[in-house]
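A look at the structure
Single-letter residue listing:
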Amino acid sequence: MIGIRGLAQHLNISIGTVSRALNGKADVNAQTRQRVLDAAAALGYSPNQSGRSLRNGKTHMIGVMIPTSRENTLIDFGFAEVLDGIRSVVDARKHDLAVFLYSADDDPFAHLRRIAERRLCDGLVIADTSRHDPRIDYVIDHAIPFVAFGRSRSGGDHQWVDIDFPGAVRQAVDRLVALGHRRIGLVLTQRELNFLGLVRDAFRRSLKSHGLAFDSELIQRHSHGEDSGYLGAEGLLGLADRPTAVVTQNGNVAIGLYRRLTEAGLRPGTDVSVVSLIGGVQAQFLSPALTSFTTDLWRIGVELGQALMAEVHRESGDPVPAPVQLLMPTVISAGESDLRAPPASATGKRA
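Residues numbered from 1 in each chain as written. Predicted model: local features only at pLDDT ≥ 70, side-chain atom pairs only at ≥ 80, totals over all residues. Heavy atoms only, no water.

**What about the overall build of the protein chain?**
Assigned secondary structure in the protein chain consists of twelve helices and twelve strands. For 351 residues, the compact-globule estimate of 2.2 N^0.38 gives 20 Å, and the protein chain exceeds it by more than 25% at 26 Å. C-alpha extents for the protein chain along the principal axes are approximately 90 × 40 × 35 Å. Counting over 351 residues, the protein chain shows a buried share of 46%. Contacts spanning at least 24 positions in sequence make up 68% of the contacts within the protein chain whose residues lie at least 6 apart. Summing over all exposed atoms, the protein chain offers an accessible surface of approximately 17,400 Å²; the carbon and sulfur share of this is 51%. Distance between charge centroids for the protein chain: 2 Å, based on 39 positive and 38 negative side chains. (Helix = DSSP H or I, 4+ residues; strand = E, 2+ residues; numbered from the N terminus. Rg over C-alpha atoms; globule rule 2.2 N^0.38 Å. Buried < 20%, exposed > 50% of the residue type's maximum accessible area, 1.4 Å probe, protein only. Contact = heavy atoms within 4.5 Å. Areas by Shrake-Rupley, 256 points an atom, 1.4 Å probe, with all protein chains shown as cover. Lys, Arg positive; Asp, Glu negative; His and termini not counted. Charge placed at Lys NZ, Arg CZ, Asp CG, Glu CD.)

This is how it looks when you write it as structure tokens:
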């Protein structure tokens with residue numbers, strides 16, 4: 001590749017003339033402009049992005065913030081699909097996608113502020129939204145283009161794309177009740193994310209819609225990942241009247257749940273039915289096959305990318321469009337982990 005200085009030397013014209021020709025300035029005649037463009041294409045000219053960014057205030061970089069820890073793998077296969085959907089959009093607009101990692105123990109707001117203050121990117125995808133998320137308030141106050149992967153009560157009428165987890169909860173409870181289950185548990189991770197609050201609220205409403213009493217002991221929240229499922233199962237099995245069915249947050253939680261049930265001599269699906277709100281690659285080899293919900297994760301990434309790029313390229317004075325607020329539906333993927341409720345004599349079994 002060649003820079004603007006080398007291109008000017010090759011053509012034996014000034015750097016200023018080359019720059020104006022590349023930027024389509026009217027004071028460069030058509031013959032010179034074409035000569036510069038032909039040489040740039042032939043020699044693989046690459047603009048100095050740092051200098052261009054300083055001049056126009058743009059980095060042509062889109063950032064995604066992702067929490068990580070030793071216990072929680074960097075990016076699961078599901079989120080990788082979301083990232084690829086975003087990438088497909090920003091690539092088409094000649095932007096690059098940057099992933100900003102921060103520890104799950106760090107303050108995500110402080111992390112976002114560092115990125116914003118250094119002007120590392122033109123727009124942000126904010127994931128793992130909390131019910132009241134100061135990051136969203138901050139980017140709105142500072143007029144930073146963004147889109148949220150997940151809803152929040154912060155920020156008013158902002159742009160977001162989310163998975164319809166409450167809809168999945170309703171379907172899961174409806175399905176289990178139709179199979180004869182009347183005591184259903186819910187196992188979630190401990191993190192205070194907005195979607196987990198939506199899941200808990202939907203769970204209570206779904207039980208009520210079937211005339212089932214809500215028991216707070218049936219909601220188990222522990223740690224994260226497989227540990228959450230293992231400890232959640234242990235808590236449910238310790239109840240005098242244990243549930244005959246369990247809804248889990250995701251496939252990783254279901255893996256831990258399966259492990260503890262097996263240790264207790266109980267077979268998932270036969271003794272305790274299990275339905276997961278999201279499956280995932282990690283859980284695809286569970287036996288019996290896990291009943292779970294799927295959604296189009298790549299399409300979610302595309303929608304996030306399109307909403308953000310429209311905001312990044314909106315010029316001052318342009319009319320403000322209605323914000324993108326999209327709830328992606330989920331579809332049941334029936335496995336073998338949810339069967340009819342066992343006889344009443346088995347529901348009180350302890351382990």
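**Considering the pattern of salt bridges**
According to the stated counting rule, one finds 15 salt bridges in the structure shown. Among the ionic pairs, Arg 87 bridges to Asp 91, the shortest N-O distance being 2.7 Å. Separated by four residues within a single helix, Arg 87 and Asp 91 lie in helix H5 (residues 77–92), roughly one turn from each other. Classification of Asp 91 as partly exposed rests on a relative accessible area of 36%. Three or more residues joined by partner-sharing salt bridges are found here, namely Asp 84, Arg 87 and Asp 91. (Salt bridge = Lys/Arg side-chain N within 4 Å of Asp/Glu carboxyl O.)

**A closer look at the pairing of strand S1 (residues 61–68)**
Most of S1 sits inside the fold, with seven of its eight residues counted as buried. Bridging between S1 and strand S2 (residues 96–103) involves eight bridges; their strand directions are parallel. Residue pairing in the sheet places Met 65 in a bridge with Phe 100 of S2. Two elements, S1 and strand S3 (residues 123–127), share four bridges in a ladder whose sense is parallel. Among the inter-strand pairings, Val 64 is bridged to a residue of S3, identified as Val 125. (Pairing = 2+ DSSP bridges.)

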